[in-house]
Amino acid sequence: MHPRLLGFCASFCLSLRSQSRVYSPSFVWWKAAAFSISSSRSASVAKMSSQQQPHTAAEIRAKRLAALEGHSISTGALVAMLQQPSATANGGSSKREQPDAAAGKAVIDLCDSDDEDQKLSGNERKRKHPSTDRDDKPSKASSKNIGMTSSKSGAAASNSSANQSTAAASASFSSSSAATTSFRLITYNVWFGPNGDANPHCEARMKAITRLCVAEPQTLFIGLQEVTDQSLPILATQLRAAGYETIVQSNGAPYYCVLAVRQLARDAPLMDGGWVSYGHSRMGRGFCYARLRLQRQSDAQVIVATTHLESYTGKESTGARERVDQMMEFGQWAWQQMQEHAHIKYAVIMGDLNWDDESRNPNDGLMTSVLSECDMPFKDAWLSVQRKKSEKCYTYDPRDNPMLGGNNLRRRFDRAIIFARHETAHAQLHVLGTKLIGTEALPGLTFQKLNTYTQTYLTKPVAPSDHFGFVSELKLGL
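Residues numbered from 1 in each chain as written. Predicted model: local features only at pLDDT ≥ 70, side-chain atom pairs only at ≥ 80, totals over all residues. Heavy atoms only, no water.

Where do I start with the overall build of the protein chain in this structure?
Of regular secondary structure, the protein chain possesses 14 helices and 16 strands. A buried classification covers 55% of the 478 residues belonging to the protein chain. In the protein chain, of all internal contacts separated by at least 6 residues, the share reaching a separation of at least 24 is 77%. When the accessible surface of the protein chain is summed, it comes to about 20,000 Å², and 52% of that surface belongs to carbon and sulfur atoms. (Helix = DSSP H or I, 4+ residues; strand = E, 2+ residues; numbered from the N terminus. Buried < 20%, exposed > 50% of the residue type's maximum accessible area, 1.4 Å probe, protein only. Contact = heavy atoms within 4.5 Å. Areas by Shrake-Rupley, 256 points an atom, 1.4 Å probe, with all protein chains shown as cover.)

Sorry if this is basic, but what is going on with helix α11 (residues 320-340) here?
Residue pairs three or four apart in sequence face the same way in an α-helix, which turns once every 3.6 residues. Given a rise of 1.5 Å per residue, 21 residues ought to cover 30 Å, and the 31 Å separating the end C-alpha atoms of α11 matches this to within 8%. Within α11, 17 of the 21 residues are buried, which leaves it mostly tucked inside the rest of the structure. (Expected span 1.5 Å × (residues − 1).)

In this structure, what is going on with helix α9 (residues 202-215)? I would like to understand it.
With 14 residues, α9 should reach 20 Å at 1.5 Å per residue; the first-to-last C-alpha distance of 20 Å fits that figure. Burial analysis of α9 places 10 of its 14 residues in the buried class, which makes it a mostly covered element. Buried residues of α9: Cys 202, Arg 205, Met 206, Ala 208, Ile 209, Thr 210, Arg 211, Leu 212, Cys 213 and Val 214, and no others.

Would you mind going over the pattern of salt bridges with me for this structure?
Side chains that differ in sign of charge can pair as their charged atoms come close. In total, this model carries 14 salt bridges according to the counting rule given. Across the salt bridge formed by Glu 391 and Arg 387, the nearest N and O atoms sit 4.0 Å from each other. On the basis of relative accessible area, Arg 387 is assigned to the partly exposed category, the value being 34%. Three or more residues are tied together by salt bridges with common partners; here these are Arg 184, Glu 216, Lys 435 and Glu 473. (Salt bridge = Lys/Arg side-chain N within 4 Å of Asp/Glu carboxyl O.)

For this particular structure, what's the right way to read the packing of aromatic side chains?
Any two aromatic rings considered together are summarised by their centre-to-centre distance and by the angle between their planes. Applying the stated criterion to the full structure yields 12 aromatic pairs. Both rings, one in Phe 330 and one in Phe 419, keep their centres 6.2 Å apart while their planes meet at 40°; by these two values the pair is tilted. With Phe 330 in helix α11 and Phe 419 in strand β12 (residues 414-420), this residue pair connects regions lying 89 residues apart in the sequence. Using a relative accessible area of 0% as the deciding quantity, one classes Phe 330 as buried. With 6.2 Å between their ring centres and 45° between their planes, Tyr 396 and Phe 413 make a pair best called tilted. With Tyr 396 in the loop between α13 (381-385) and β12 and Phe 413 in the loop between α13 and β12, this pair connects stretches of sequence that are 17 residues apart. (Phe/Tyr/Trp six-rings, centres within 6.5 Å; stacked < 30°, edge-to-face > 60°.)

Could you clarify how one ought to interpret unusual backbone geometry in this entry?
Apart from glycine, the bulk of residues carry a negative phi angle, and the bulk of peptide bonds sit in the trans form. Phi at His 201 takes a positive value of approximately 50°, unusual for a residue other than glycine. Among the structural elements, His 201 can be located in the loop between β3 (180-189) and α9. Backbone geometry at Gln 455 places phi at a positive 55°, although glycine is not the residue there. Note on placement: Gln 455 falls in the loop between β14 (446-451) and β15 (456-461). A relative accessible area of 54% places Gln 455 in the exposed class.

What exactly am I supposed to notice about the nonpolar core here?
The nonpolar side chains of a soluble globular protein tend to be buried, and buried together. Counting 35 residues, the largest nonpolar core has Phe 183, Leu 185, Phe 221, Val 302, Leu 474 and Leu 476 as the members making the most contacts within it. Looking at this core, the element that brings in the most residues is α13, giving 4 residues. Judged by nonpolar contacts, the second largest core, of 28 residues, contains Val 276, Met 338, Leu 371 and Phe 378. (Core = buried A, V, L, I, M, F, W, Y, C linked by side-chain atoms within 4.5 Å.)

For this particular structure, what's the right way to read the pairing of strand β6 (residues 256-262)?
Of all 7 residues making up β6, 7 are buried, and the element is well covered by its neighbours. Going residue by residue along β6, you find Tyr 256, Val 258, Ala 260 and Arg 262 tucked away on one face and Cys 257, Leu 259 and Val 261 tucked away on the opposite face as well. The sheet contact formed by strand β4 (residues 219-227) and β6 spans 5 bridges and is antiparallel. Paired with Gly 223 across the strands is Leu 259, a residue of β6. In this sheet, β6 lies alongside strand β5 (residues 244-248) in antiparallel orientation, the contact comprising 5 bridges. Pairing of Val 248 across the sheet is with Val 258, part of β6. (Pairing = 2+ DSSP bridges.)

This is the structure we're talking about:
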């Protein structure tokens, strides 16, 4: 072991002893590994952090609060969360880092890319997923009964009236029994609108996305990524009308995350929520989270977070190491929350994870291997219902998304990962089904898509986003 890492492990163990907490040996190793990865790049991160910022964090929070006033946040507790400095995953105060877009570094917008995948000879690399991710495959009958499959849904919901969508959202948020509760959660990258395309039909797209989301019955959480100051008031207005509160990323990133939570005062109260910055991100990334009691008559709690992990910005900066660090940071944070709050049984992270471990030339290692280093059993929602390896769930799909260019960059970027407190809770965790939404074009709308290689424009249909929304239905034991 490297002397520096050995010294850190020793000091870390002493600090744990002084805090009178019990940590497992594997967690100590995991924490030390995360520190070792992050420390090797601390100098470059510090340099970026010291650059002049275009706005202060307070100005950013004030601007977003003003945009939300009268639209979304109605509880004083959530307003206070946005007014407080954002926390970091390790519990310290956040030093907001310069996002790459603001620093003049090109952020790759996949909607502009027409690259073909590099062709490799030989068979595609074989992978074996842990059995813990595949033990709740529903039968075809059960999947049909709950109306959730791995196939894509049409745009019928996006074309329905707002009143119909609101009525659907006003139904009971979950289906509960004495020992279990069931609900849906949705993650959706709404697309910030790249330079050159001028965020085409932003209002129509945002309204379509919210209609699609609230039309899904029993949806308790909606995680949105790439929200901008232009799209936030539109989304907030629609979500508020459908009965959702919003928790907004509170640092100065040019596009950001929003977590919408169904108002649950009569059933399961919101216990806590806010924004946590990753300790290692050059793009101001982190996660919005909410902690919720599953039922009023039960003490069991769940944490749900939405995130946008580090993006690919070029061959010299793929973001792969940062994504590993960030997933480990969330796992560590969730584990610590479970130690501090004995009633938390589950922690969910969903969002645009930018994870590429299933292509012919992957940028990332297997996510299941990374997550297996933590002390909590887990399930990947899609892998839990996948019936055969040839079945895919591309949430970014240029071939099927009418807004994109038809290249081979097909990826399962958007995912939902569910951690359980222990094996008993894991056995009570069931993924009932998954589906994709927002897969069809919006009628009558087109935009001029810029081809960055030829610098020419092509008329394309408008879909709700360049990503599809990913819906998961969970059944959790209380």
